[in-house]
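The lines below spell out each chain.
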Amino acid sequence: MTALTGAVLAQNALSAADLPQIGAPAIEYGTLSPVLAITATALIGVLVEAGAPRRARFGLQSAVAIVGILAALAATVWVSIHDLGKVSFEGTDLLARGKTVAEGALVVDGPTVFLWGLLLVFALVSMLMFAERGLEGGLSGFTGQAAVAPGGAGEREATMAGIEHTEIFPLAMFALLGMMVFPASNDLLTMFVALEVLSLPLYLLCGLARRRRLLSQEAAVKYFLLGAFSSAFFLYGIALVYGYSGSFTLAAIDTAVSNQIAGQNLLLAGMALISVGLLFKVSAVPFQAWTPDVYQGAPTAVTAFMAAGTKVAAFGALLRVFFVGFGGAQWDWRPLMMIVAVLTMVVGAVVLIRQTDVKRMLAYSAIAHSGFILTAFAGAYEGSAGTATITSVSAVMFYLAVYGFSTIGAFAIATLVRDGGGEVGHLARWAGLGRESPVLAGVFALFMLSFAGIPLTAGFMGKWTVFSAAWSGYAWPLVVAGVLTSAVAAYFYVRVIVLMFFADPEGDGPTVAVPSVMTSAVIAVTAAVTIVLGIVPGPVLDLAQNAGTFVR
Amino acid sequence: MNVYAPILVLGIIAAAFAVLSVGIAPFTGPKRYNRAKLDSYECGIEPTPQPAGGGRVSVKYFITAMLFIVFDIEIIFLYPFAVAFDQLGWFGLIEMVIFIGTVFVAYAYVWRRGGLEWD
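In this text the structure is predicted, and so the values were computed from the model without any measurement. (Residues numbered from 1 in each chain as written. Chains lettered and ligands numbered in written order. Predicted model: local features only at pLDDT ≥ 70, side-chain atom pairs only at ≥ 80, totals over all residues.)

Enquirer: Explain the interface of chain B and chain A residue by residue, including any values.
Expert: One widely used convention gives an interface's size as the accessible area the parts lose upon coming together. Each partner contributes residues to the interface: chain B has 15 residues there, and chain A has 11 residues. Here the side of chain B that touches chain A is composed, by residue class, of eight nonpolar, five polar and two charged. (Contact = placed C-beta atoms within 7 Å. Nonpolar A, V, L, I, M, F, W, Y, C, P; charged D, E, K, R; others polar.)

Structural data, given as structure tokens:
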């Protein structure tokens, strides 16, 4: 009997001696400072909400959010110098630099820090759009009271009284926190928690539009239900992979996968389910159905934040899980991901042609761009020492930078083209925008050219990097499909430009609202970045290259 | 299986005790009904008036439930901390104070925005 007991205990790897030993964990506060700064910002935001007088709240909240993001950006720069070691700017450096922190829950390495920087910059720009109050007569673009019925007396009262929801800022900060933790997670459970932290505030923010509130609430409900489904898939996948490998940590999963410790069924099923959860967040076909509805219904500032931020976070996590955790099984998942990439590009580009609404158009554009990024991912080129070819990781990161700026800029312009009922969604009403406001139409045309991937815009450099990474990974069919679908999509983007400049306006034509300095700054910055990254992509590309590979 | 036999026995005793005491109560207990006793039980407070037909629950309970989650999460972390209190030392104490501080941020928000007022 004692032998049996001993065997049972040994099997569980627990003996009576080591049961009560609970040591204090080591937390690297310095390395985690960007995440902690955003956490503190969100909490201070909630306290401001609780304590500050109503009149002062909006200004105070936007100031807190912006200062917090700037502090986190400074901390990110410090972390990159302090924890990543010396960066050589000569050719490709495939070193994985950085370390796991917080007892292996998170990993702060080159890609993590690069994505943190990207997320913080996108959040900063989006917060300026959140804080825009010049377009609705001194009120923000968010509903005054989300709890009252759309179109009812309560809504009018709230508008008359100038009531605003200032919770949007802390909510966005919590979402940003989740976005930062998501690609930095070193184990699947942390990743799941981060997924929820980033999703829940976004579901809520989607339902808060001031105009077209029913559409906005519909978007929130759809996003919530589909998002909850995809989270459940993700969680089930985690459970199956745990069943296969006996661990949540990506490194341990990698060991299990590389050594093929058991039958592959559990692993394959788990990988498939995890990829459903992640591909949903990047809106890849066939999990793209929510994207147009949500992008259209959500307040445009939220759409911009979500389109850029969620994509960065989700692609970071996708790359980390599949390159680090499932790297040993890449011949199982790569063919499937190639199919998904081609489907995403084709569906995105073809359905894009039929779009008549600006925000839906940008949503399908987002889907097509996910497809382009997926080509580099499915190429899975990890580089070889001594050559300066672009790896999949750095190509994806560079593309995310390019795409994020252009898309935030495009949504910022979409907030300015208005009529009595708010933003003008229908593309036909955009006809003749070039006469009304040549500068604005010109900048929008620039973003369209960047989306299309015309040389001398950032979009061209982005496409070039992802296709070259895919090519290096011998995924040439994807490159062919990518170039062809780019051409199809380019037809549509050029048609929008022609519509703006050469078509006769419908009736009086669209009105271009004059924004405050906030939105103007957003448009100026994003347009400048789109041009600069197209002409001198070197510095940012070097940063992405020098971020190296994932720490395992 | 011998290792688990005491647990099984304990389970049987516990179940038998529960079934026996519930089963015996109707026969041995005194029955003196009054109005308060027949009302639905709501944690000792006055029952909330409900509309005719009765089937619907006031939306106010939603906030109560949300608030409950705040403290629920807190206790989930407090309990293991209490068990390992002496081994974690100052680190554990400071981390728990920070943690409870962040929990009270949510509580302060609910309190200031009138979540604790019933009407």
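Enquirer: Go over the packing of helix α17 (residues 438–452) of chain A against helix α19 (residues 476–502) of chain A with me, naming the residues and quoting the values.
Expert: Residue and element names in this part refer to chain A. Where α17 contacts α19, the two axes come as close as 9 Å, and the packing angle between them is 170 degrees. Between α17 and α19, the crossing angle belongs to the class labelled roughly antiparallel. Between α17 and α19, the contacting residues are Ala441, Phe444, Ala445, Met448, Leu449, Phe451 and Ala452 on the first element and Ala489, Ala490, Tyr493, Val494, Val496, Ile497, Met500 and Phe501 on the second. Each residue belonging to the contact of α17 with α19 can be placed in one class, and the counts come to 15 nonpolar, no polar and no charged. (Axes fitted to C-alpha atoms, helices over the stretch in contact; angles between N-to-C directions. Helix = DSSP H or I, 4+ residues; strand = E, 2+ residues; numbered from the N terminus. Parallel < 35°, antiparallel > 145°, perpendicular 65-115°, else oblique.)

Enquirer: With reference to specific residues and values, describe unusual backbone geometry.
Expert: All names here are of chain A. Between valine 285 and proline 286 the backbone carries a cis peptide bond, its omega angle lying at 5 degrees. Tracing the backbone shows proline 286 in the loop between α10 (264–281) and α11 (290–297). In the Ramachandran plot, alanine 102 falls in the positive-phi region, its phi being about 50 degrees despite a non-glycine side chain. Its place among the elements puts alanine 102 in the loop between β1 (98–101) and β2 (106–109). The backbone of glutamine 260 shows a phi angle near 45 degrees, a positive value even though the residue is not glycine. Here glutamine 260 is to be found in the loop between α9 (250–259) and α10. Given 11 C-beta atoms within 10 Å, glutamine 260 falls into the exposed group. (Buried ≥ 20, exposed ≤ 12 C-beta atoms within 10 Å, placed from the backbone.)

Enquirer: Give a detailed account of the packing of α17(A) against helix α20 (residues 517–535) of chain A, specifying residues and quantitative values.
Expert: Residues and elements named next belong to chain A. Running from amino to carboxyl end, α17 crosses α20 at an angle of 40 degrees, the nearest separation of the two axes being 10 Å. With respect to their mutual orientation, α17 and α20 come out oblique. Here α17 runs over α20; the crossing is left-handed. Residue-level contacts link Val443, Leu446, Phe447 and Ser450 of α17 to Ile523, Ala527 and Thr530 of α20. Across the contact of α17 with α20, the residue classes break down as five nonpolar, two polar and no charged. (Left-handed = near helix turned anticlockwise from the far one by under 90°.)

Enquirer: Kindly report on helix α21 (residues 538–546) of chain A, identifying the contributing residues and their values.
Expert: Residues and elements named next belong to chain A. Restricting attention to buried positions, one finds in α21 the residues Val540, Leu541, Leu543, Ala544, Gln545 and Asn546. Among the structural elements, α4 (110–130), α15 (392–414) and α20 are those in contact with the buried residues of α21. Glycine 548, located one to two residues past α21, shows a positive phi value of around 70 degrees.

Enquirer: Requested: an account of the nonpolar core, with residues and values cited.
Expert: All names here are of chain A. Counting 197 residues, the largest nonpolar core has Leu119, Ala172 and Val396 as its most contacted members. Here this core gets 18 residues from one element, more than from any other, and that element is helix α12 (residues 300–325). If we skip the residues at most four places from it in the chain, leucine 119 touches Leu176, Met179, Met180, Gly309, Val312 and Ala313. (Core = buried A, V, L, I, M, F, W, Y, C linked by C-beta atoms within 7 Å.)

Enquirer: I'd love a proper account of the confidence of the model for chain A, names of residues and values included.
Expert: Residues and elements named next belong to chain A. Confidence in the prediction of chain A, expressed as mean pLDDT, is 89, and 93% of residues score 70 or more. The secondary structure element of chain A with the lowest average pLDDT is helix α1 (residues 2–11), at 47, and the one with the highest is helix α6 (residues 168–181), at 96. Confidence over residues 1–11 falls short of pLDDT 50; this stretch has four contacts with residues more than four positions distant or in other chains. (pLDDT = per-residue confidence, 0-100.)

Enquirer: So what about the sheet that holds strand β4 (residues 422–423) of chain A? Which residues, and what values?
Expert: Residues and elements named next belong to chain A. The strand order β4-β3-β5 describes an open sheet built from three strands, whose pairing is antiparallel. In the strand order of this sheet, the two ends are held by β4 and β5 (511–512), each with one partner. Of the strand pairs in this sheet, strand β3 (residues 417–419) and β4 are connected by two bridges, and their pairing is antiparallel. The partner of arginine 418 across the bridge, within β4, is glutamate 423. (Pairing = 2+ DSSP bridges.)

Enquirer: Help me get a handle on the pairing of β1(A), residues and values and all.
Expert: Residues and elements named next belong to chain A. Taken together, the four bridges between β1 and β2 define a ladder with antiparallel strand orientation. Within β2, the residue paired with valine 101 across the bridge is leucine 106. What sits between β1 and β2 in their antiparallel hairpin is a turn of four residues, with alanine 102 showing a positive phi close to 50 degrees.

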